[in-house]
Amino acid sequence: MPRIALYPGSFDPLTNGHLDLINRTVHIFNQVIVAVASNLQKAPLFSAQERVEMIKEVTQNLPTVTVTTFDGLLVDFARTHKVDAIVRGLRVVSDFEYELQMASINRQLGPEIETVFMVPNAKYAYLSSSIVKEVASLGGEIKAFVPPLVKERLEKKFGIPTVT
Ligand code: ADP
């Protein structure tokens, strides 16, 4: 039976930490669905379509990865796509409380779907999309934090000339 993982998130935008997790997940699961949340509490910098398109380009070397948007209940999406496990990242202890709550609620709503936590390489533990946006908006160097395509798109959003 092929094992299918669902990696959901805002990905506004994808960082090297997200990519590290995707690369780890493809080694464990036969298929990985990266699901970009289209209904966010906060207005995103990138539209859902822009986020999907960036992730598709960056993961085009990973044939078992598919990228799509989702809205509504994650458990419903997981059931429709016959997902075995929801993958979430744990960077630091402060992630744990929220992630435990989400995993517990999702278990209540969909007992057949497991949540699997993955830990990124320590060098990405401090990375988040919001800190990267903040640095980029101030004209800081973000080369070490995001794939080159995302760097280019971020700098374009903030009207900063790209230096490679
Ligand atoms: P959400 O709004 O769902 O938290 P994010 O895009 O911020 O969306 O994160 C999606 C998932 O990726 C979460 O499980 C988060 O913990 C994980 N994640 C975010 N940044 C990193 C990182 N630097 N390293 C590993 N996992 C990360």
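For the structure itself, consult the block above.
Computed from a prediction, not measured in an experiment: that's the story for all the values here. (Residues numbered from 1 in each chain as written. Predicted model: local features only at pLDDT ≥ 70, side-chain atom pairs only at ≥ 80, totals over all residues. Heavy atoms only, no water.)

A.B. asks: So what exactly am I meant to see when it comes to the environment of K151 here?
C.D. replies: When you line up the elements, K151 lands in helix α6 (residues 148-157). Residues K151 and P2, spaced 149 residues apart in sequence, show a C-alpha to C-alpha distance of 34 Å. (Helix = DSSP H or I, 4+ residues; strand = E, 2+ residues; numbered from the N terminus.)

A.B. asks: Hey, could you run me through helix α4 (residues 93-109) in this one?
C.D. replies: The α-helix winds at 3.6 residues per turn, so residues separated by three or four positions along the chain end up facing the same way. If you check α4, its first and last C-alpha atoms are 25 Å apart, about what 17 residues at 1.5 Å a residue would give, namely 24 Å. Considered for burial, the residues of α4 that qualify are D95, E99, A103 and N106. (Expected span 1.5 Å × (residues − 1). Buried < 20%, exposed > 50% of the residue type's maximum accessible area, 1.4 Å probe, protein only.)

A.B. asks: When you look at the site of the ligand in this model, what are you seeing that I'm missing?
C.D. replies: In the region of the ligand, 15 residues are neighbours, and Y7, S10, F11, G89 and L127 sit closest. Measuring from an oxygen atom of the ligand, one finds a side-chain N or O atom of S10 at 2.5 Å. Within the side chain of H18, a nitrogen or oxygen atom sits 3.0 Å from an oxygen atom of the ligand. Coverage of the ligand by the protein amounts to 85% of the 550 Å² it exposes when considered alone. Among the cavities detected, the one that contains the ligand is the largest pocket. Looking at the shell around the ligand residue by residue, the classes come out as seven nonpolar, five polar and three charged. (Near = heavy atom within 4 Å. Polar contact = N/O pair within 3.5 Å; in protein donor to acceptor, adjacent residues only side chain to side chain. Areas by Shrake-Rupley, 256 points an atom, 1.4 Å probe, with all protein chains shown as cover. 1 Å grid on protein atoms, 1.4 Å probe; cavity = no way out; pocket = protein on both sides within 12 Å on 5 of 7 lines; lining within 4 Å. Sits in = over half its atoms within 2 Å of the grid points. Nonpolar A, V, L, I, M, F, W, Y, C, P; charged D, E, K, R; others polar.)

A.B. asks: In this structure, what is going on with the nonpolar core? I would like to understand it.
C.D. replies: In summary, soluble globular proteins display a tendency toward joint burial of nonpolar side chains. Core analysis: the biggest nonpolar cluster contains 33 residues, and V34 and V65 have the highest contact counts within it. Mapped onto this core, the elements with two or more residues apiece are β1 (4-9), α1 (16-26), β2 (31-37), α2 (48-58), β3 (65-70), β4 (85-89), α5 (129-137) and α6. When near neighbours in sequence (up to four residues on either side) are disregarded, V65 contacts I22, V26, V32, V34 and T59. (Core = buried A, V, L, I, M, F, W, Y, C linked by side-chain atoms within 4.5 Å. Contact = heavy atoms within 4.5 Å.)

A.B. asks: What's the story with the packing of aromatic side chains in this structure? I'm lost.
C.D. replies: Each aromatic ring pair is summarised here by two numbers: the centre-to-centre distance and the angle between the ring planes. Applying the stated criterion across every chain yields a total of three aromatic pairs. With centroids separated by 5.1 Å and ring planes inclined at 80 degrees, the aromatic side chains of Y7 and F11 adopt a geometry described as edge-to-face. With 5.6 Å between their ring centres and 55 degrees between their planes, F70 and F77 make a pair best called tilted. Residue F70 is classed as buried on the basis of its relative accessible area, which comes to 11%. (Phe/Tyr/Trp six-rings, centres within 6.5 Å; stacked < 30°, edge-to-face > 60°.)

A.B. asks: Just checking my understanding: could you explain the pairing of β2 for this structure?
C.D. replies: Look at any regular strand and the pattern is simple: side chains alternate between the two faces of the sheet. In terms of residue burial, β2 counts as a mostly covered element, since six of its seven residues are buried. Inspection of the sheet shows β1 paired to β2 by six bridges, in the parallel sense. Its bridge partner lying in β2, G9 is registered against V36. In this region the chain leaves β1, passes through α1 and returns to the parallel neighbour β2; the handedness of that crossover is right-handed. Sheet analysis places β2 next to β3, joined by six bridges and oriented parallel. For I33, the partnering residue across the bridge sits in β3 and is T66. Taking the sense of rotation as the criterion, the β-α-β connection linking β2, α2 and β3 turns out right-handed. (Pairing = 2+ DSSP bridges. Right-handed = clockwise from strand over helix to strand, strands pointing away.)

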